[in-house]
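These are the residues of each chain, in order.
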Amino acid sequence: MSKKIQRLPDSELDIMLALWKGHADMSRIEIEEFVNQKKELAPTTILSLLSRLEKKGFVSVKKEGKSNLYTPLVDQSTYQQQEGRTVLEKLYGNSVKNFVTALYQGKSIGQKQIRELESFLRDIEED
(Lines give C-alpha, C1' and ligand atoms only; values in the text may rest on other atoms or scores of the structure.)
Protein backbone atom coordinates (compact mmCIF):
# COMPACT_ATOMS: atom_id res chain seq x y z
CA MET A 1 0.00 0.00 0.00
CA SER A 2 1.60 3.20 -1.13
CA LYS A 3 -0.64 5.76 0.57
CA LYS A 4 -1.44 5.74 4.28
CA ILE A 5 -5.16 5.73 4.85
CA GLN A 6 -6.57 7.88 7.62
CA ARG A 7 -8.06 6.02 10.59
CA LEU A 8 -11.81 6.52 10.82
CA PRO A 9 -13.86 7.29 13.91
CA ASP A 10 -16.46 4.61 14.74
CA SER A 11 -19.38 6.63 13.34
CA GLU A 12 -17.69 7.02 9.94
CA LEU A 13 -16.57 3.40 10.00
CA ASP A 14 -20.21 2.35 10.47
CA ILE A 15 -21.06 4.19 7.25
CA MET A 16 -18.15 2.54 5.42
CA LEU A 17 -19.27 -0.90 6.66
CA ALA A 18 -22.69 -0.24 5.14
CA LEU A 19 -21.09 0.73 1.83
CA TRP A 20 -18.75 -2.28 1.84
CA LYS A 21 -21.60 -4.69 2.56
CA GLY A 22 -23.94 -2.99 0.11
CA HIS A 23 -23.37 -2.21 -3.53
CA ALA A 24 -21.93 0.55 -5.69
CA ASP A 25 -24.06 3.68 -5.94
CA MET A 26 -25.97 3.35 -2.67
CA SER A 27 -28.46 6.05 -1.71
CA ARG A 28 -28.49 7.74 1.68
CA ILE A 29 -31.72 5.89 2.46
CA GLU A 30 -30.11 2.48 1.76
CA ILE A 31 -27.12 3.40 3.91
CA GLU A 32 -29.43 4.64 6.65
CA GLU A 33 -31.41 1.37 6.65
CA PHE A 34 -28.21 -0.63 7.10
CA VAL A 35 -26.70 1.61 9.80
CA ASN A 36 -29.96 1.86 11.75
CA GLN A 37 -30.00 -1.90 12.26
CA LYS A 38 -27.32 -1.32 14.93
CA LYS A 39 -28.01 2.23 16.11
CA GLU A 40 -30.37 5.04 15.18
CA LEU A 41 -28.79 7.92 13.33
CA ALA A 42 -30.71 10.88 11.97
CA PRO A 43 -30.65 11.39 8.20
CA THR A 44 -28.79 14.68 8.69
CA THR A 45 -26.11 12.89 10.73
CA ILE A 46 -25.65 10.29 8.01
CA LEU A 47 -25.35 13.05 5.40
CA SER A 48 -22.73 14.82 7.54
CA LEU A 49 -20.75 11.60 7.92
CA LEU A 50 -20.95 10.92 4.18
CA SER A 51 -19.74 14.45 3.48
CA ARG A 52 -16.75 13.95 5.79
CA LEU A 53 -15.96 10.61 4.12
CA GLU A 54 -16.06 12.28 0.72
CA LYS A 55 -13.64 15.00 1.88
CA LYS A 56 -11.29 12.32 3.25
CA GLY A 57 -11.35 10.45 -0.08
CA PHE A 58 -13.18 7.38 1.20
CA VAL A 59 -16.32 7.74 -0.95
CA SER A 60 -17.32 9.20 -4.27
CA VAL A 61 -20.65 10.95 -4.76
CA LYS A 62 -22.65 10.89 -7.96
CA LYS A 63 -25.74 13.05 -8.42
CA GLU A 64 -28.71 11.21 -9.88
CA GLY A 65 -31.89 13.22 -10.09
CA LYS A 66 -32.56 14.74 -6.70
CA SER A 67 -30.47 12.24 -4.77
CA ASN A 68 -26.81 11.40 -4.32
CA LEU A 69 -25.36 7.95 -4.81
CA TYR A 70 -22.31 6.87 -2.81
CA THR A 71 -19.57 4.41 -3.72
CA PRO A 72 -16.58 3.42 -1.57
CA LEU A 73 -13.18 4.45 -2.95
CA VAL A 74 -11.22 2.52 -0.30
CA ASP A 75 -11.86 -1.21 -0.19
CA GLN A 76 -12.50 -3.02 3.06
CA SER A 77 -9.50 -5.34 2.90
CA THR A 78 -7.08 -2.44 2.38
CA TYR A 79 -8.52 -0.61 5.37
CA GLN A 80 -8.47 -3.75 7.53
CA GLN A 81 -4.85 -4.52 6.65
CA GLN A 82 -3.72 -1.04 7.62
CA GLU A 83 -5.76 -0.99 10.83
CA GLY A 84 -4.51 -4.45 11.78
CA ARG A 85 -0.90 -3.39 11.29
CA THR A 86 -1.45 -0.19 13.28
CA VAL A 87 -3.02 -2.03 16.23
CA LEU A 88 -0.32 -4.68 16.16
CA GLU A 89 2.49 -2.08 16.07
CA LYS A 90 1.09 0.40 18.59
CA LEU A 91 -0.53 -1.85 21.17
CA TYR A 92 1.46 -5.07 20.93
CA GLY A 93 4.94 -3.99 19.87
CA ASN A 94 4.56 -5.80 16.54
CA SER A 95 4.25 -9.11 18.39
CA VAL A 96 1.57 -11.47 17.13
CA LYS A 97 2.22 -13.61 20.22
CA ASN A 98 1.40 -10.67 22.54
CA PHE A 99 -1.74 -9.94 20.52
CA VAL A 100 -3.03 -13.53 20.66
CA THR A 101 -2.09 -13.76 24.34
CA ALA A 102 -4.20 -10.66 25.07
CA LEU A 103 -7.15 -12.19 23.21
CA TYR A 104 -6.76 -15.54 24.95
CA GLN A 105 -6.40 -14.10 28.44
CA GLY A 106 -9.43 -11.92 27.83
CA LYS A 107 -11.33 -15.14 27.04
CA SER A 108 -12.08 -13.76 23.56
CA ILE A 109 -10.51 -16.71 21.82
CA GLY A 110 -11.70 -20.27 22.10
CA GLN A 111 -10.45 -23.69 21.02
CA LYS A 112 -12.08 -23.38 17.60
CA GLN A 113 -10.24 -20.11 16.93
CA ILE A 114 -6.98 -21.60 18.17
CA ARG A 115 -7.36 -24.50 15.71
CA GLU A 116 -8.13 -22.01 12.91
CA LEU A 117 -5.01 -20.04 13.83
CA GLU A 118 -2.87 -23.19 13.89
CA SER A 119 -4.18 -24.17 10.47
CA PHE A 120 -3.57 -20.68 9.11
CA LEU A 121 0.02 -20.65 10.44
CA ARG A 122 0.70 -24.07 8.87
CA ASP A 123 -0.62 -22.80 5.53
CA ILE A 124 1.62 -19.71 5.71
CA GLU A 125 4.61 -21.86 6.58
CA GLU A 126 3.98 -24.12 3.58
CA ASP A 127 3.86 -21.15 1.17
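Presented here is an overview of the structure given in this document. (Residues numbered from 1 in each chain as written. Predicted model: local features only at pLDDT ≥ 70, side-chain atom pairs only at ≥ 80, totals over all residues. Heavy atoms only, no water.)

**Some remarks on unusual backbone geometry**
Right, so step 1: The phi torsion at Asp25 lies on the positive side, around 60 degrees, for a residue other than glycine.
Right, so step 2: Assignment of secondary structure puts Asp25 in the loop between helix 1 (10-21) and strand 1 (26-27).
Right, so step 3: Asp25 gets classed as partly exposed once you look at its relative accessible area, which sits at 27%.
Right, so step 4: The phi angle at Asn94 is positive, at roughly 65 degrees, despite the residue not being glycine. (Helix = DSSP H or I, 4+ residues; strand = E, 2+ residues; numbered from the N terminus. Buried < 20%, exposed > 50% of the residue type's maximum accessible area, 1.4 Å probe, protein only.)

**Examining the environment of Leu69**
Right, so step 1: You can see Leu69 is positioned in strand 3 (residues 67-72).
Right, so step 2: With a relative accessible area of 10%, Leu69 lands in the buried category.
Right, so step 3: The spacing of Leu69 and Ile29 is 40 residues in sequence and 9.9 Å in space, taken between C-alpha atoms.
Right, so step 4: Discounting chain neighbours no more than four positions away, the residues touching Leu69 are Asp25, Met26, Ser27, Ser60, Val61, Lys62 and Glu64. (Contact = heavy atoms within 4.5 Å.)

**Points about the pairing of strand 3**
Right, so step 1: Looking at chain direction, strand 1 and strand 3 are connected through two bridges and run antiparallel. Residue pairing for strand 3: Ser27 is matched across the bridge by Leu69.
Right, so step 2: Pairing between strand 2 (residues 59-64) and strand 3: six bridges, direction antiparallel. Within strand 3, the residue paired with Glu64 across the bridge is Ser67.
Right, so step 3: The antiparallel pairing of strand 2 with strand 3 creates a hairpin that spans two residues between the two strands, and Gly65 there sits at a positive phi of about 65 degrees. (Pairing = 2+ DSSP bridges.)

**Section: the packing of aromatic side chains**
Right, so step 1: Scanning the entire structure with this criterion turns up three aromatic pairs.
Right, so step 2: The interplanar angle of 70 degrees and the centroid separation of 6.1 Å between the aromatic rings of Phe58 and Tyr79 together place this pair among those described as edge-to-face. Remark: Tyr79 occurs in helix 4 (residues 76-92) and Phe58 occurs in the loop between helix 3 (43-55) and strand 2; sequence separation between them is 21 residues.
Right, so step 3: By relative accessible area, which is 1% here, Phe58 ends up buried.
Right, so step 4: Aromatic ring contacts, followed pair by pair, group Trp20, Phe58 and Tyr79 into a single cluster. (Phe/Tyr/Trp six-rings, centres within 6.5 Å; stacked < 30°, edge-to-face > 60°.)

**Notes on the nonpolar core**
Right, so step 1: Membership of the largest hydrophobic core comes to 20 residues, with the highest contact counts inside it found for Ile15, Met16, Leu19, Ile31 and Phe58.
Right, so step 2: Listing elements by their share of this core, those giving two or more residues are helix 1, helix 2 (28-35) and helix 3.
Right, so step 3: It is helix 1 that contributes the most residues to this core, five residues altogether.
Right, so step 4: Residues in contact with Ile31, not counting those within four places in the same chain, are Ile15, Ala18, Leu19, Met26, Ile46, Leu50 and Tyr70. (Core = buried A, V, L, I, M, F, W, Y, C linked by side-chain atoms within 4.5 Å.)

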